[in-house]
Amino acid sequence: MLGVFSSGVVAPPEELVLAGSRSPSPKTTAEALVDRFVRAASPAVSVRVSSDAHFAYSHTNESHLLPRSFAVKDDIFCIFEGILDNLGSLRHQYGLSKTANEVMLVIEAYKALRDRAPYPASHVVGHLSGSFAFVVFDKSTSTLFVASDQYGKVPLYWGITADGYVAFADDAELLKGACGKSLASFPQGCFYSTNLGGLKCYENPKNKVTAIPAPEEEIWGATFKVEGAAVFATTH
């Protein structure tokens, strides 16, 4: 799966911007990245929401345990990979039919977060149990919301293209060719919201998420970790 967003939607993480200045760090444009995905994952679906957002997905090489799905409702676009173990109870909580799948559930959960403020985002994502990663784009407000499960069972990466777009994908190799060293693994158990203060840990919402720059020789730009004993041990 792939989601690409302009700097008009999301401010690129500064640590990844700086990592991209390392040499060598070859990059391509966001358009070239989408084209590469579509060619490599054919048959694939590509959806341009606006000049600021672009989604692409495919069922090629999909695991039956971690299916991919895409949906649009009320100008809310969502791409989802994985499975929710508590989908049944969440359907009841959000008043959905028994046929509603994970991607529709996430859209409804996002709408609850958006429209019932100050409904805590950490609660919304924390109530999702299973293996998942998803990207939500609300066209009506140009808001981006991204999350990964607490154990990182569904891989998710983010990086910055040559023209400053921020890309999210489940394929690190795909992003390496487009983002150079402006690339990192999206931290597990975290969400990113352009409307709620950027990157946060939904398990420990009071703990700051810190980016630790990678050594010059590594392809990764940084490692994002939730502050705590483990992080302090590596920095002292």
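Residues numbered from 1 in each chain as written. Predicted model: local features only at pLDDT ≥ 70, side-chain atom pairs only at ≥ 80, totals over all residues. Heavy atoms only, no water.

As recorded in an unreviewed UniProt entry, the protein chain goes by Stem-specific protein TSJT1 and comes from Acorus calamus.

So, the environment of leucine 183
Among the secondary structure elements, leucine 183 is positioned in strand β10 (residues 183-185). As for leucine 183 and glycine 159, which are separated by 24 residues in sequence, their C-alpha atoms are 4.2 Å apart. Not counting residues within four places of it along the chain, the set of residues in contact with leucine 183 comprises Leu16, Tyr157, Trp158, Gly159, Ala172, Leu175, Lys176, Trp220, Gly221 and Ala222. (Helix = DSSP H or I, 4+ residues; strand = E, 2+ residues; numbered from the N terminus. Contact = heavy atoms within 4.5 Å.)

Topic: the packing of helix α2 (residues 30-40) against helix α6 (residues 172-179)
To describe two helices that pack against each other, one gives the angle between their axes and the distance between the axes. At a closest axis distance of 10 Å, the pairing of α2 and α6 adopts a crossing angle of 150°. Handedness of the α2/α6 crossing: right-handed. Residue-level inspection shows Leu33, Arg36 and Phe37 of α2 in contact with α6, the latter providing Glu173, Leu174, Leu175, Gly177 and Ala178. A class-by-class count of the residues in the contact of α2 with α6 yields five nonpolar, one polar and two charged. (Axes fitted to C-alpha atoms, helices over the stretch in contact; angles between N-to-C directions. Left-handed = near helix turned anticlockwise from the far one by under 90°. Nonpolar A, V, L, I, M, F, W, Y, C, P; charged D, E, K, R; others polar.)

Thoughts on the sheet that holds strand β9 (residues 166-169)
The strands making up a sheet associate through backbone hydrogen bonding, with each pair oriented either parallel or antiparallel. Read across the open sheet, the six strands follow the order β2-β3-β1-β9-β8-β10; overall the sheet is antiparallel. Each edge of the sheet is formed by a strand with only one pairing partner; in this case those strands are β2 (44-50) and β10. For this sheet, the mean angle separating the axes of adjacent strands, direction not counted, is 15°. Taken together, the four bridges between strand β8 (residues 157-160) and β9 define a ladder with antiparallel strand orientation. Pairing of tryptophan 158 across the sheet is with phenylalanine 168, part of β9. Against the sheet, α2 makes contact with β1 (2-5), β2, β3 (53-58) and β9, and its axis sits at roughly 170° relative to β1, the strand it touches most. (Pairing = 2+ DSSP bridges.)

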